[in-house]
Structures are given as structure tokens and as C-alpha cells.
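Listed below are the residues making up each chain.
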Amino acid sequence: ARNASVRQSNADTEADSDDSEDEDSEDEDTVKVVRSLDRCLRPLSYLHTNHIVHKFFRQYADGKREEDGKRCISPAKVVEMSPAVARRLHVPAGIFDGVATVFERFDFDDDGLMDIRECTSMYRRMLRQRRKELGGRKMKVEVPDSSLEDKGYAVQKELGRGGQGIMYLAKKVGVAKPYCVKFYSKDNGDCDDLDDIIEEYAMMKELSNSHIAKTYEVFQDDKHYYLVNEPYFGGDLTKLSKRAHDQRVRMSEAWWRKIFWQCLDGLRYLHSKAIIHCDIKEPNVMVASGDCYAEPRIVLIDFGLAAAFSTTNTGASGTPGYIPPETHELGCWYPRGDIFSMGITFFQLMIGQVPRDDNSVLGVLQVSNDTKKIAEATKEVRIPWERFPGGLPLLRELIVQMTQRDRHVRLSAPQALEHEWFESDADADLPNTTVGGLLGTSASHCAKEKVIEQLGAENNLHELRTLHGKFREMDAANCGHLPSPHVVGLLHEHGASTPTATGFADAHVREDGNVEYHSVMQESIHLKERYSDHFIRDLFDELDTDGSGVLSPAELQVLLESDAFECPNSDIEDLMAEMDLDHNGLVAFEEFRRAVLEDGRIGRRSNQTIRNRILSSQNPCCYCS
């Protein structure tokens, strides 16, 4: 029995060893594949990789385009050719699994064939995507080294903080137009996301279309990546109607025709560059300038979900109610999925049903807050066509073709732009119900944005939490809304002007006379928390001159007694005592951050005066000068 037990123990040990060896073997195999992909993707290897694809394209091409006589290849031949390409590139054949699915995304001309340019672009994108999926050491994104001063930028004011970055309005020496410069700290803990963002912006820098958000340049210094973008001040499609109405613009069929054409032209350009947006909706379509809403320039923004055509499974990402049926069913996006999302956006604008942040108005496919029910409604494409304006028959026909359930019969962006409606001279007025709905939603979004801006400027985080607590104390039923006079009074008490507070209440009043307060307070507090998080990180780093990641009690005293924090002297000692959790006499950033955010008495604004008082013995940061 003892021998049997020993044998069993040995067998278990050998099995564990075998499992470990298998894992090691898998890791080694992955490393080999990664190295082979890196070889294909190195800048000096581009020509070699292209040469191999071109060679096999010429061997397998089985068709020609009628209009230009170019040799082309069919999906079946691409599937047949892929193993040969993999062998010559010395990568596993499985790297090109799913190539038939990817083919559809790179067929830019939408004729079921692919020319040599499209084919080469597809294989290169697939190699890059597979390299990204395997993880490990990432391919280096080439970002130039420079400081803001060397590039000639002078920051004027902060525009906002969110995600990993801070946005500033800046001017450039010798250039009249303004710029939006986004700072991404290299100390951010989520390095993979940061790498993806920088790679995305490096890619966006190569795009050039007046209807796509413009990135001018990307550069870096020791502490930050800097992304220089075109700023947009005209608001998005949720706010467009009120602002156009305020400028006495006639929002007729001809006016919308120009807007919709620009939207589709932006998609056409994106798709021609093998990029799918994946989150087209009203808030992601901006007006470049607020100067003239009679002739607005439209810009597609927010490529945070944008997918390269080369990925075969991105999941059902996007906003429920705009995600196309095939993405719900197959778990991946196709270019015509963006067309579906844009069609839903057009439809909602034409019936005056643009979703509101407080969910008092939902999208036409947002049948509830249950994403499964929304997916079911989308798969069946339950669009209420009976509500579409009767005087716009050609536009209705266009949107019907954009929202077809079957993506294969749905229009592509180039096909949509060639639709008869864009050549029409029809200029019907929208029904009063549509205009009323658009103005109501637009006024709601504008009023909420204004009240959040004023509350953020006049209150610190602690005061915003106090305001939210006052609302909840009054709301005995815990229903999230209160009579309009109570809401106006509390907002005014905490810094919102009377017109702003009244305008917010009027735009959000319910049939029972109550106004929903919960979402505006949640958003105000969330924005202030993100702002405060970045702000205290900046201040901490400025005082941590040796980069040790800890501050002494003397350094903390300087920080807490500055205008950056609004604590009475009697509370500073208690706050400092709460920070040093490990009682080593020093405070690490996380200890500092936790205590300060919980306390919430961070200054309302970060400005040069605050930093000058803290850093009187140091040079000011370039972005505060």
C-alpha cells in the first residue's frame, strides 16, 4: 500500500510536471508566433510583406473590374491563397482564420471583389490585429519627442478632464486658430489602454476629411503624451435644434439634407480607410462651430469603440438601440453596421425623438432599459414608420434602405450618398410635432449642460455631495424627483443662476410638476470626482520633486494650506493623521488620494494662482503658463 501511495504521488507529480511543461510549451509557441509577426510588421519589413502578398495575388486573382479593368480576387480565392501567404511569411496558417469574414469589410467598392490595394491592406491589418490579440511586448508606436514650448503651444485654459487625460484650449505661435491639446500622463496605471489610445490617435493623425475629428499631431515628453486636436464648439446633434432655432434658422428638408450628406461622407471616408466607428449616435456627431448654424460643418467624433476591419470578433459593443441586428447575432461589426446606426439617428431626428440623458425620452429601438429586450427589438427592426413625416417620401426611402435588417441589401456609404434624395430640390418643412420634439430634447440637453457647468464652477466635491444629500432629505419617497420650486431653490442656493436653475427645471418638468434631480447630481459629482482625481495627482507630483512617490508632513502642510484645498486649519491635522495609514511618517499618493477624495474639499478650480502659491520656489508647469 505504501509503495502504491508513493507510485500515485509520483504519478501526480509527473502529471503536474506535464501540465507545467504543456503551459511552458504553449508560452514558447506564443512567443515564437509573436516574433514572427513582429518580423512581418517591422518598418523595414513592409516591402517584403507587401511583395509576398502581391506575388500570390497575381497568382490567384480570378476576375476584373468592368469600370477600370483592374485584376481582382474573389472571397473563395482569398481563402485558398491565405495558407500560401502564411507559409511564405513564416507565420501559422491560423493567423488568417476568418479571412472570408474580413474580406467583406475590405471590399471598399462593394462589388464582391478585391483589388491588389484592398487585398494588401487586408492582410497587413490582419497581421497587426493578430499581433495585438496575442499580447506580450507591444509593437512600438512611433511618437516624436518634444515639449509643448518647443512645438510652440501655449495653454490658455482647461476644457475638461476625463478618462486618462486632461484637455486644454491652446494657441500656437504664429497661428490664429485655437487647438485642443489633450495630456495623457505616462504614470497612468492602465498602460495597455494608454498604448491603444496613442496608437489610435497616431492612426487618426493620418486621416484627412473635413467631417472626421482632426488630430494634427502626437508627441511626448518624459511625463506626458500630447494629442493636438481640432476643437469643436458647436455642440452635438442633441443640442443642434435649439441652437439653430435661437439663430432663427429654418430647419427644413434642404437644411437637413446638407447635414445628413456630411454625416454619410464622413462614414464613407472612414470605411475607405478600413475603420468602422461602432458607436454612431446623436452625441457623437458634432457641429464644428457655433458661429453659423445655417451652414453647419458636421464632424464625427469619439472613436473609442472604433474597430479595425481586420478583427473577426469585437463583440456587441456600442450603444443599445443603435447596434445593428448582425452585431447582436454574430458578435462583430461590419461597415454597413455604421450605416444602420446612422439610419436610426436620421429617423429619430425626423420624428423628433432624440433620447434624453434622464431616460424621459428613449430611442425608437430602446423599448426598455433591458438590453436583451432592446436586442430583440433591433433584430426584428421594429421601427415606427407610421410616425415618419409624410412630406418626405424620398428621405423615408433612403432611411428604409439604410436600416434594412439584412446587411447584404443595406446601402453602403457610397450608395447612400448616390441616393436620389441628395439630388432632389424638395424643401418641405418638418411637422410641428417633430420640431417640438427636437426643441424639447435639445433644450433639455442644453439646460442640463449649463447647470452642471455652473454647479461644477461654484462648488467643490464636498459641497456637491452636500447638495445631493439635501435633495435626498427632501425626497422622502426616494423617487429621484421633487417639485420644481424645491429643485430651483436648491440649485440657486448652490451657485446656479436663477435663469439657469429655472431653465433646467422648465426643460425637465414632468406632468406632475416634479423635476428629476438624481441624474444631474450624479453626473455633476462624477465629473467633479474625475476632475479632482487628476488635480490632486498633478499637485502631488509637483511637490514630489525627488519622484519618491511619498510626501513628508511639511510638504503636505504646504499643500493642504494652499488655495487648492478648502479646509479650515482645525481640520488639516486630522486629515493628515488619516492619510498616514502605515504610520511611517510619510504619505504615499494612494493614501493621500483616498483621504482627500473622501473629504472632498478640493478647490473649485485649478489655476495659476494656486500653483504659484504652492510652488513659489519652482518653475510653473508649461500648461499653466
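Residues numbered from 1 in each chain as written. Predicted model: local features only at pLDDT ≥ 70, side-chain atom pairs only at ≥ 80, totals over all residues. Heavy atoms only, no water.

As annotated in an unreviewed UniProt entry, the protein is Calmodulin from Alexandrium catenella. UniProt lists a comment for the protein under the heading Sequence similarities (unreviewed entry), and it reads "Belongs to the protein kinase superfamily. Ser/Thr protein kinase family. CDPK subfamily." (UniProt positions renumbered as here; feature names shortened; annotations may be inferred.)

Visitor: So what exactly am I meant to see when it comes to the overall build of the protein here?
Guide: Along the backbone of the protein there are 23 helices and 15 strands. A burial count over the protein gives 51% of its 625 residues as buried. Within the protein, contacts between residues at least 6 apart in sequence are counted, and of these 68% link residues at least 24 apart. Of the roughly 29300 Å² of accessible surface on the protein, a fraction of 49% belongs to carbon and sulfur atoms. (Helix = DSSP H or I, 4+ residues; strand = E, 2+ residues; numbered from the N terminus. Buried < 20%, exposed > 50% of the residue type's maximum accessible area, 1.4 Å probe, protein only. Contact = heavy atoms within 4.5 Å. Areas by Shrake-Rupley, 256 points an atom, 1.4 Å probe, with all protein chains shown as cover.)

Visitor: Would you mind going over the nonpolar core with me for this structure?
Guide: Soluble, globular proteins show a tendency: their nonpolar side chains are buried together. Formed by 61 residues in total, the largest nonpolar core has its most connected members in W256, F260, L264, M342, M350, F388 and L395. Secondary structure elements with two or more residues in this core: α8 (240-246), α9 (253-272), β9 (285-287), β10 (298-300), α11 (335-351), α13 (393-402) and α14 (413-417). Two domains each put at least three residues into this core: domain 2 (148-229) and domain 3 (236-430). Setting aside anything within four residues of it in sequence, one finds M342 in contact with C263, L264, L267, I280, L300 and M402. Grouped together as the second largest cluster of nonpolar side chains are 41 residues, A507, L551, A595 and L597 included. (Core = buried A, V, L, I, M, F, W, Y, C linked by side-chain atoms within 4.5 Å. Domains from an automatic or database assignment.)

Visitor: Sorry, what's going on with the environment of E80 here?
Guide: You can see E80 is positioned in helix α3 (residues 75-89). Through-space distance from the C-alpha of E80 to that of Y60 is 8.2 Å; in sequence the pair is 20 residues apart.

Visitor: Whenever I open this one, the pattern of salt bridges confuses me. Can you help?
Guide: Here the structure, examined in full by the defined rule, presents 28 salt bridges. Residues K77 and E80 are paired through a salt bridge, measuring 3.4 Å at the closest nitrogen-oxygen approach. Pair noted here: K77 and E80 are both in helix α3, with a separation of 3 residues, about one helical turn. In this structure K77 comes out as partly exposed when scored by relative accessible area, which is 26%. Among the residues examined, E80 registers a relative accessible area of 44% and is labelled partly exposed. Notably, a salt bridge pairs E133 with R130, separated by 3.8 Å at the nearest N-O pair. With E133 and R130 both in helix α5 (residues 116-134), this residue pair falls 3 residues apart, about one helical turn. A residue is classified by how much of its surface remains accessible, and E133, at 45% relative accessible area, is partly exposed. The exposure class assigned to R130 is buried, which follows from its relative accessible area of 8%. (Salt bridge = Lys/Arg side-chain N within 4 Å of Asp/Glu carboxyl O.)

Visitor: Just checking my understanding: could you explain unusual backbone geometry for this structure?
Guide: For residues besides glycine, phi is generally negative; the peptide bonds are generally trans as well. Of note, the phi angle at C278 is positive, near 75 degrees, even though the residue is not glycine. Structurally, C278 can be placed in the loop between β8 (275-276) and β9.

Visitor: Explain the packing of aromatic side chains to me, please; I cannot follow it from the model alone.
Guide: Two measures describe an aromatic ring pair: the distance that separates the ring centres and the angle between the ring planes. Considering all chains together, one arrives at 16 aromatic pairs under this definition. Ring centres of Y153 and Y179 lie 5.6 Å apart, and the angle between their planes is 80 degrees; this geometry places the pair in the edge-to-face category. Highlighted residues: Y153 in strand β3 (residues 153-162) and Y179 in strand β5 (residues 175-185), separated in sequence by 26 residues. Both residues of the pair, Y153 and Y179, belong to the buried class. Here a set of aromatic residues connected by ring pairs shows up, and it is made of Y153, Y168, Y179, F183, Y216, F219 and Y226. In this structure, R257 packs its charged tip against the face of W421, placed 4.9 Å from the ring centre. Note that R407 overlies the ring of Y334, its terminal NZ or CZ placed 3.9 Å from the centroid. (Phe/Tyr/Trp six-rings, centres within 6.5 Å; stacked < 30°, edge-to-face > 60°. Lys NZ or Arg CZ within 6 Å of the ring centre and 35° of its normal.)

Visitor: Is there a simple way to think about the environment of W385 in this case?
Guide: You can see W385 is positioned in the loop between α12 (371-380) and α13. Residue class for W385 comes out buried when judged on its relative accessible area of 17%. Between the alpha carbons of W385 and I351 there is a distance of 9.5 Å; along the sequence they are 34 residues apart.

Visitor: Just checking my understanding: could you explain the state of the cysteines for this structure?
Guide: In a disulfide, the sulfur atoms of two cysteines are covalently bonded to one another. In this structure the tally under the stated criterion is 0 disulfides. Free of any disulfide, C278 has its nearest neighbouring cysteine sulfur in C332, separated by 9.9 Å. Accessibility expressed as a relative area gives 1% for C278, which makes it buried. (Disulfide = S-S within 2.5 Å.)

Visitor: I would appreciate a short explanation of the environment of I525 in the present structure.
Guide: For I525, the position within the fold is in helix α19 (residues 518-543). By relative accessible area, which is 10% here, I525 ends up buried. Note: C-alpha distance between I525 and E463 (62 residues apart in sequence) is 9.6 Å. Here I525 is in contact with L461, L464, R465 and H468, once residues within four sequence places are set aside.

Visitor: Help me understand the side chain of H481 in this model?
Guide: For H481, the position within the fold is in strand β12 (residues 481-483). Among the polar contacts made by the side chain of H481, one reaches the side chain of R510 at a distance of 3.3 Å. Of the polar contacts made by the side chain of H481, one reaches the side chain of N514; its length is 3.0 Å. Excluding residues that lie within four positions of it along the chain, H481 makes contacts with D475, R510, D512, N514, V515, E516 and Y517. (Polar contact = N/O pair within 3.5 Å; in protein donor to acceptor, adjacent residues only side chain to side chain.)

Visitor: In this structure, what is going on with α3? I would like to understand it.
Guide: In an α-helix there are 3.6 residues to a turn, and that puts residues three or four apart on one side. The first and last C-alpha atoms of α3 sit 21 Å apart over 15 residues, in line with the 21 Å expected at 1.5 Å per residue. At M81, α3 shows its maximal kink, close to 35 degrees; a proline, P83, follows between one and four residues later. Where α3 is concerned, the buried positions are V78, M81, S82, A84, V85, A86 and L89. Two residues or fewer past α3, H90 is found with a positive phi of approximately 60 degrees. (Expected span 1.5 Å × (residues − 1). Bend = angle between axes of the 7 residues up to and from the residue.)

Visitor: Sorry, what's going on with the pairing of strand β7 (residues 224-229) here?
Guide: The two faces of a sheet get side chains in turn, since along a regular strand they alternate between them. Extensive coverage of β7 is indicated by the burial of 6 of its 6 residues. Side-chain alternation along β7 places H224, Y226 and V228 on one buried face and Y225, L227 and N229 on a second face that is also buried. Pairing analysis gives 6 bridges linking β5 to β7, with the strands arranged antiparallel. In the strand pairing of β7, Y184 is matched with Y225. (Pairing = 2+ DSSP bridges.)

Visitor: I tried to follow the packing of helix α16 (residues 461-474) against helix α17 (residues 484-493) on my own but got confused; where do I start?
Guide: Two numbers describe how α16 lies on α17: the axes approach to 11 Å, and their chain directions differ by 160 degrees. Comparing the axis directions of α16 and α17 gives the class roughly antiparallel. Handedness of the crossing formed by α16 with α17: right-handed. Packed against α16, whose contacting residues are L467, K470, F471 and M474, the element α17 presents H486, V487, L490, L491 and E493 at the interface. For the contact of α16 with α17, the per-class residue count stands at 6 nonpolar, 1 polar and 2 charged. (Axes fitted to C-alpha atoms, helices over the stretch in contact; angles between N-to-C directions. Parallel < 35°, antiparallel > 145°, perpendicular 65-115°, else oblique. Left-handed = near helix turned anticlockwise from the far one by under 90°. Nonpolar A, V, L, I, M, F, W, Y, C, P; charged D, E, K, R; others polar.)

Visitor: Mind showing me how you'd approach the packing of α17 against helix α18 (residues 498-508) here?
Guide: When two helices pack together, their arrangement is captured by the angle between the axes and the distance separating the axes. α18 packs onto α17 with a crossing angle of 145 degrees between their chain directions and a minimal axis gap of 9 Å. The element α17 and its partner α18 pack so that their crossing is right-handed. Across the interface between the two elements, S484, V487, V488, L491 and H492 of α17 pack against T498, A501, T502, F504 and A505 of α18. For the contact of α17 with α18, the residue count by class is 6 nonpolar, 4 polar and no charged.

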